[in-house]
Amino acid sequence: MHRNNQQMITKYLIRSATPEDHGPLLALWLRSVRASHAFLSDADIEALVPAVRDGALVALEVWVLLGEDGTPLGFMGLDGPKLEALFIDPDHAGNGGGSRLLAHARALKGALAVDVNEQNPAALAFYLARGFVVTGRSETDGDGRPFPLLHLREA
């Protein structure tokens, strides 16, 4: 199965998000965060839903990664050259979709910056393996919650 998903990589399509995508992308975000952000409680995740639904999906430049059948497999949100969000459906993680989105962002914006939760070692490893370097650290996230962030930039 993993092999088949890897073969599908050439059939991925990346397109700009539309308002009709917001519901499916929020559901994808929830699945992804529950699978990858073990440091967040269910209450923490639920508290973030309005910020994603009413903020990130509306205010950011959002790009959707679609599978062969048109199903959203992931998405990213950009604010200029800053990657504010990159989420892949957990059923499709590790098959190259995140790298494809990152390459698309680079093609659009050039060198990128991103903040990563310090408690998310898989995300940190993903970015470090793709040429990012840690340039700083914050004790709290952007909303002052006790989730330290690592600031990364492309080298």
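Right above here is the structure, for reference.
Note that this is a predicted model, so its numbers are computed, not measured.

Trainee: Just checking my understanding: could you explain the sheet that holds strand β2 (residues 61-66) for this structure?
Mentor: Taken together, the seven strands give an open sheet; going across it, the order is β1-β2-β3-β4-β5-β7-β6, and neighbouring strands pair in mixed fashion. The open sheet terminates on both sides in strands that have one partner only, identified here as β1 (13-16) and β6 (132-138). Adjacent strand axes in the sheet meet at a mean angle of 30°, parallel and antiparallel pairs treated alike. In the sheet, β2 pairs with strand β3 (residues 72-79) via six bridges, with the strands oriented antiparallel. Directly across from Trp63, in β3, lies its bridge partner Met76. Those strands touched by helix α2 (residues 22-36) are β2, β3 and β4 (82-88), and its axis lies near 95° from that of β3.

Trainee: What's the story with the pairing of β2 in this structure? I'm lost.
Mentor: Every regular strand shows the same layout, with side chains that alternate between the two sheet faces. Among the six residues of β2, five are classified as buried, and the element is accordingly described as predominantly covered. Sheet topology note: the β1/β2 ladder contains four bridges and is antiparallel. Residue pairing in the sheet places Arg15 in a bridge with Val64 of β2. Counted along the chain from β2 to the antiparallel partner β3, the turn is five residues long, and its residue Gly70 has a positive phi close to 90°.

Trainee: What should I look at first to understand the pattern of salt bridges in this one?
Mentor: Two side chains bearing opposite charge may form a pair once their charged atoms approach each other closely. Taken as a whole, this structure holds twelve salt bridges when the rule is applied. In this structure, Glu84 engages Lys82 in a salt bridge whose closest nitrogen and oxygen atoms are separated by 3.7 Å. Glu84 gets classed as partly exposed once you look at its relative accessible area, which sits at 39%. A relative accessible area of 25% places Lys82 in the partly exposed class. As a salt-bridge pair, Glu154 and Arg106 come within 2.3 Å of each other at their nearest N and O atoms. With Glu154 in strand β7 (residues 149-154) and Arg106 in helix α4 (residues 97-109), this pair connects stretches of sequence that are 48 residues apart. Its relative accessible area of 17% is what places Glu154 among the buried residues. Residue Arg106 is classed as partly exposed on the basis of its relative accessible area of 28%. Shared partners join several salt bridges into a network, and the residues in it are Lys82, Glu84 and Asp115.

Trainee: Is there a simple way to explain the packing of α2 against helix α3 (residues 42-59) in this structure?
Mentor: Axis angle and axis distance: for two packed helices, these are the angle between their axes and the distance between the axes, and together they describe the pair. In contact at an axis separation of 10 Å, α2 and α3 are set at 145° when each is read in the N-to-C sense. Seen from above, α2 lies across α3 with right-handed handedness. For the pair α2 and α3, the contacting residues are His22, Leu25, Leu26, Trp29, Leu30, Val33 and Arg34 in the first and Asp42, Ile45, Glu46, Leu48, Val49, Val52, Arg53, Leu57 and Val58 in the second. Residue composition of the contact of α2 with α3, grouped by class: eleven nonpolar, one polar and four charged.

Cut-off values and rules
- Residues numbered from 1 in each chain as written.
- Predicted model: local features only at pLDDT ≥ 70, side-chain atom pairs only at ≥ 80, totals over all residues.
- Heavy atoms only, no water.
- Pairing = 2+ DSSP bridges.
- Helix = DSSP H or I, 4+ residues; strand = E, 2+ residues; numbered from the N terminus.
- Axes fitted to C-alpha atoms, helices over the stretch in contact; angles between N-to-C directions.
- Contact = heavy atoms within 4.5 Å.
- Buried < 20%, exposed > 50% of the residue type's maximum accessible area, 1.4 Å probe, protein only.
- Salt bridge = Lys/Arg side-chain N within 4 Å of Asp/Glu carboxyl O.
- Left-handed = near helix turned anticlockwise from the far one by under 90°.
- Nonpolar A, V, L, I, M, F, W, Y, C, P; charged D, E, K, R; others polar.

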